[in-house]
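Observations on chain architecture
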Amino acid sequence: MNKRLFAGVATAVVAALTMTACGGSSDPTANEPAQQPTGSGGPVAKPDKIIVGSANFPENVVLAEIYAAALAKKGITIEKKLNIGNRETYYPGLQDGSIDLMPEYTGVLLQHVNKSATETGPDDVYAALQKALPPNLTVLEKSSAEDKDAIVVTKETADRWSLKSIEDLKAHAGEVIFGGPPEIANRPDGLPGFKKNYDLEFKEFRPLDTGGPLTVNALKTNVVQAADLFTTDPAITVNNFVVLDDPKNNFAAQNVVPLINSAKASDEVKQVLNAISAKLTTEILIDLNAKLSAPDKPDASKVAADWLASAGIS
Amino acid sequence: MDQGPGRDGAPVNVFELVWAWLTDPENWQKNFRDLGIPARILEHLTYTGLAIVFAVMIAVPIGIYVGHTGRGGFLVVGVANWFRALPELGLVILLVLAMGVALALQALTIVLVALAIPPLLAGTYSGLRNVDPEVVDAARGMGMRERDIVWRVEVPIALPLMLGGLRTATLQVIATASIAAYMGLGGLGRYVIDGQRFGTLEGYTMMAGGAVLIAALAIVVELTLAGVQRLVVSPGLRNRKFSRRETRVRTKPVEKTEVAIS
């Protein structure tokens, strides 16, 4: 009796899991229409169709829209599955072929495929990433655009102490309260990393939020004199904050890079995506993010199209 | 377990880990990532004390006035209950964003004061309302001025309930002061929030350790206040609840018989 009950429950659980798994991989996130109506449409996939995915944050969505629009202009059939979720959710989709192309970031992607990777410099990370990826996935040329943690100060602070890089901050560490997300006290590239790489120990650490309004406000109002923000945060340009260089690569490189199914990476596709990577810079990402968070909440595809036009990619 | 607990998914003894965290001398002194437990306790008590002092200054006079005069009782109860419904965490984040991180302590204090007012107000108000009207009448009959009636009769008799309100308020504020950590202030909440954000076994241990410290602090403060209550409440009022109930039961039937006779 008990055994039978158990078997029943087990069957139900397995069935539920299978159904969820199916839903997870075949769910088309389907309200995105195919970009290019020239194809015959419907589920009959043309061999050269590329499914572009994105993670669920605006910057990644607009990058995916840029890839998609540029490829579509070359007459390549595109299907979009945007706003999928985090890497744990979409990465399996890349492996089973339900997503072909994703805008990715070198450092975090490397950490995802190889947890013990220690590379931090842009070229080292990129080389290690090329080695660590499974054969069915390829990264194309990386761009110089990076979305990563950085130590940021106000323009006034930078001028007063003539700060260019994190190294310059050391002489004033005793006067600096540093603000950032609580976990940075513990992360290898956080306080322990500052100490190891730059022998930098701040007077005090003020745990705030993760590149959010508290941190920006604290830096602006001089509650903290240096803070951890993301390099593509529009608050940096709006408030004239200065991003300090990181010559020792304390923060691992996070260059934007197209991650693509190797089978779909034809020369034409590579050419289009590499041309985009060649143009992308961190400043452009800041600008795109600023446009996306503007009060009128423009559509990411519109922002992407505008940028492609202004960058002269067609 | 030699190569560190929690690796390869092996089960861990939570109590052992938390105990180890609590007894690790490094956690009790300032180091590069934390001020140390004694400093955090002091911060926690400072936030609590600030809030309680302001809340007493607001709630007790209102409670005494309303309790003594009986005017606006429904308003007090209504407002107090409305305050109880405030979501402290949401409110504090809203206030910090509006006022700026530089004023985080002020924002926190406002929220904790709002939290402490209802029990203080309810305790004071009901304490004074529950003073036997005959005692007040007697005081008035003896020629006492209203002020003396309040301060020498009603408040001393209401003291047990007022202090009960204070104890409830203090406990709630100690527990809730942990939200200070959300906007970059200190206190024992630091361990809970940071531990969660670290997301490692070490972090979760710290989180549990912080929770234990908050609970322990609440208990110690509660016992202290209970001791204070014993000292300041007039000995004649001890066990008063019990004897008063008896009196009431006896007087009521007598009144009824009188009515029946007349």
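Whatever comes next refers back to the structure up there.
Let us look at the structure shown here. (Residues numbered from 1 in each chain as written. Chains lettered and ligands numbered in written order. Predicted model: local features only at pLDDT ≥ 70, side-chain atom pairs only at ≥ 80, totals over all residues.)

1. Regarding the overall build of chain A
When helices and strands are tallied, chain A shows 13 helices and 10 strands. Relative to its full complement of 314 residues, chain A shows a buried share of 43%. Restricting to contacts in chain A with at least 6 residues of sequence separation, those with at least 24 account for 77%. (Helix = DSSP H or I, 4+ residues; strand = E, 2+ residues; numbered from the N terminus. Buried ≥ 20, exposed ≤ 12 C-beta atoms within 10 Å, placed from the backbone. Contact = placed C-beta atoms within 7 Å.)

2. Focus on the pairing of strand β1 (residues 50-53) of chain A
Residue and element names in this part refer to chain A. Neither face of β1 is exposed, since I50 and V52 on one face and I51 and G53 on the opposite face are all buried. With four bridges joining them, β1 and strand β2 (residues 78-81) adopt parallel strand pairing. Each bridged residue has a counterpart across the sheet, and for G53 the counterpart in β2 is K81. In the classification by handedness, the crossover that spans β1, the intervening helix α2 (residues 58-73) and the parallel β2 is right-handed. (Pairing = 2+ DSSP bridges. Right-handed = clockwise from strand over helix to strand, strands pointing away.)

3. Things to note about the interface of chain B and chain A
Each side of the interface is counted separately: chain B has 13 residues, and chain A has 18 residues. Elements supplying a minimum of two residues to the side of chain B that touches chain A: α4 (88-99) and α8 (189-198) of chain B. Per-element tally for the side of chain B that touches chain A: the top contributor is α8 of chain B, with four residues. Broken down by class, the residue content of the side of chain B that touches chain A amounts to eight nonpolar, two polar and three charged. (Nonpolar A, V, L, I, M, F, W, Y, C, P; charged D, E, K, R; others polar.)

4. Observations regarding the nonpolar core
Core analysis: the biggest nonpolar cluster contains 139 residues, and Y67 and V152 of chain A together with L112, A116 and L120 of chain B have the highest contact counts within it. Per-element tally for this core: the top contributor is helix α5 (residues 104-129) of chain B, with 14 residues. Leaving out residues up to four positions away in the same chain, L120 of chain B has contacts with A55, V56, A59, V60, G63, G165, L166 and A169 of chain B. (Core = buried A, V, L, I, M, F, W, Y, C linked by C-beta atoms within 7 Å.)

5. Here's the deal with the sheet that holds strand β6 (residues 177-180) of chain A
As summarised here, the arrangement of the five strands in space is β7-β6-β8-β5-β9 (chain A), forming an open sheet in which the pairing is mixed. Each edge of the open sheet carries a strand with a single partner, namely β7 (204-207) and β9 (242-243) of chain A.

6. A few points about the packing of helix α4 (residues 106-113) of chain A against helix α5 (residues 122-132) of chain A
Residue and element names in this part refer to chain A. Where α4 meets α5, the closest approach of the two axes is 9 Å, and the angle between their N-to-C directions is 35°. The handedness of the crossing between α4 and α5 comes out as left-handed. Residue-level inspection shows T106, G107, L109, L110 and V113 of α4 in contact with α5, the latter providing V125, Y126, A128, L129 and A132. Grouping the amino acids of the contact of α4 with α5 by side-chain chemistry returns eight nonpolar, two polar and no charged. (Axes fitted to C-alpha atoms, helices over the stretch in contact; angles between N-to-C directions. Left-handed = near helix turned anticlockwise from the far one by under 90°.)

7. Description of the pairing of β6 of chain A
The sheet contact formed by β6 of chain A and β7 of chain A spans four bridges and is parallel. Opposite F178 of chain A, over in β7 of chain A, you have F205 of chain A as the bridge partner.

8. Examining the environment of W307 of chain A
Residues and elements named next belong to chain A. By the secondary structure assignment, W307 is in helix α13 (residues 300-311). Expressed as a C-alpha distance, the spacing of W307 and M102, which sit 205 residues apart in the sequence, is 18 Å. In contact with W307, not counting residues within four places along its chain, are I66 and L288.

9. A few points about the packing of helix α7 (residues 146-176) of chain B against helix α9 (residues 201-232) of chain B
Residues and elements named next belong to chain B. Axis separation between α7 and α9 bottoms out at 10 Å; the angle between their running directions is 165°. Considering their axes alone, α7 and α9 lie roughly antiparallel with respect to each other. Crossing of α7 over α9 shows right-handed handedness. When α7 is examined against α9, the residues L159, P160, L163, L166, R167, T170, L171, I174 and A175 are found in contact with a partner set consisting of I214, L217, A218, V221, E222, L225, Q229 and V232. Looking at side-chain class alone, the contact of α7 with α9 contains 13 nonpolar, two polar and two charged residues. (Parallel < 35°, antiparallel > 145°, perpendicular 65-115°, else oblique.)

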